[in-house]
Amino acid sequence: MGNKVSHLLPPKAVLGFYPTPLHKLERLSQELGVELYLKRDDLSGPNLFGGNKIRKLEYLLGDATTYDTVITFGATQSNHAMQTAVAARKLGLEVILYLTTITEVDDTQDRGNILIDHVLGAEVHYISMTGRTLTEANAISMEVALKQKEQLEKSGRKVKIVPFGGAAALGSIGFIQGYKELLDQSPVSLDYIVHTTGTGSTAAGLVAGSKLYSQPGKRPKIISMDVLEHAYDHPTKMATLANDALQLMAVAPSVSASDFYFEPHYLQPGYEIPSETAAAAIRRLARTEGILLDPVYTGKGFAGLLDYIETGKIPPNSKVVFWHTGGISALFAESEMVGKLY
Ligand SMILES: *Cc1c(COP(=O)(O)O)cnc(C)c1O
């Protein structure tokens, strides 16, 4: 029997190419003794450097006709900032980025995402991390950005602020719908969905999607491999985000903190700091399947997946999807961030 779900969807901008491909990793599946699929949000478009932010931005910028400028935030090598700049340009908008210098920028030799940001003609402001924690630097970014917004609006401009990582309920709707997209295209009934998590708003969408679109007992376990450290109440906050997203769709809240499974082990030694296990995971996928991962997000997430399979936390013969969230442009970032890949 079909599972009819009644809900609303907010206005959406068309930015990417969907559904993104889902395909089996034949050689790696055989090596690992599981059925392993890859969901290719790295190919989400609209250019070569897609990623998971495009799905979020389709809803976050669904009302793009009501403003002329977008401001957002991130680190200097932020995938989110770059994808927001891409989205803004596709929608005919000006874009302003506030970037914290976790990795110091060398203005004579821009690399990776910051190079793309400049090619896109984004207005870039650097917020120094010297003598500040990331939280402090992010707070300063927001403060300065709000002042600039006020200034611009005095001169008649209309400004939209998109939060760090696109982490807002509207953005998570992109992944509620992404979950449905995966369900509709999957040739098998999945046991596990594994992905890399940062802000948690992709995870919030996937978990809410599983509540909305899968019957209890038929829900794949969603394993969210963390690349950021979070406070103890992160799952509670993500449950609120997921329920806010459902509410925007006129659906009753159904997500609780215990629906999330965040795995913090593979983020070591820290955000934007390379790890040898991630490098090994990047080499392994490249050398068995010819597919690339990135050092900051998907390399660490995939390292976690491989370890879960090899230690039996994901049992043999399981049907597993790794959701490739993109980030490949970071392969061409500063070497302190990329580390030694081979
Ligand atoms: C932003 C990002 C993530 C994390 O997504 P969140 O929704 O912030 O948890 C994962 N992978 C890549 C490549 C990203 O750019």
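That block above? That's the structure.
Each chain carries its own residue numbering, running from 1 in the written order of its sequence. With the structure being a predicted model, the display of local features is reserved for residues of pLDDT at least 70 and the display and counting of side-chain atom pairs for 80 or more, all residues being used for whole-chain, interface and lining totals. Water and hydrogen atoms play no part in the side-chain values, which are based on all heavy atoms of the structure.

1. Some words on the side chain of serine 172
Within the secondary structure, serine 172 sits in helix α6 (residues 169-185). Accessibility expressed as a relative area gives 0% for serine 172, which makes it buried. Polar contacts here mean pairs of N or O atoms no more than 3.5 Å apart (in protein, one a potential hydrogen donor and the other a potential acceptor; neighbouring residues in sequence count only if both atoms are side-chain atoms). At 2.8 Å, the side chain of serine 172 forms a polar contact with the backbone oxygen of serine 201. Residues in contact with serine 172, not counting those within four places in the same chain, are Ser201, Ala204, Gly205, Leu241 and Ala245. Under the scheme used here, helices are H or I runs from DSSP no shorter than 4 residues and strands are E runs no shorter than 2 residues, and both carry numbers assigned from the N terminus. Three exposure classes are used, based on accessible area relative to the maximum for each residue type with a 1.4 Å probe and protein chains only: buried under 20%, partly exposed in between, and exposed over 50%. By the convention used here, residues are in contact when the closest approach between their heavy atoms is within 4.5 Å.

2. Thoughts on the sheet that holds strand β3 (residues 69-75)
We treat two strands as partners when DSSP finds at least two bridges between them. Spatially, β5-β4-β3-β6 is the arrangement adopted by the 4 strands of the open sheet, whose pairing is parallel. Two strands lie at the open edges of the sheet, namely β5 (123-127) and β6 (159-161), each paired on one side alone. Across the sheet, the mean angle from the axis of one strand to that of its neighbour is 20°, orientation sign disregarded. Pairing between strand β4 (residues 94-100) and β5: 5 bridges, direction parallel. Paired with threonine 100 across the strands is isoleucine 127, a residue of β5. Angles run from 0 to 180 degrees between N-to-C directions of axes, and those axes are lines fitted to C-alpha atoms, restricted for helices to the stretch in contact. Taken strand by strand, helix α3 (residues 79-90) contacts β3 and β4, and its axis lies near 175° from that of β4. Strand contacts of helix α5 (residues 134-154): β3, β4, β5 and β6, with the helix running at about 155° to β4, the strand carrying the most contacts.

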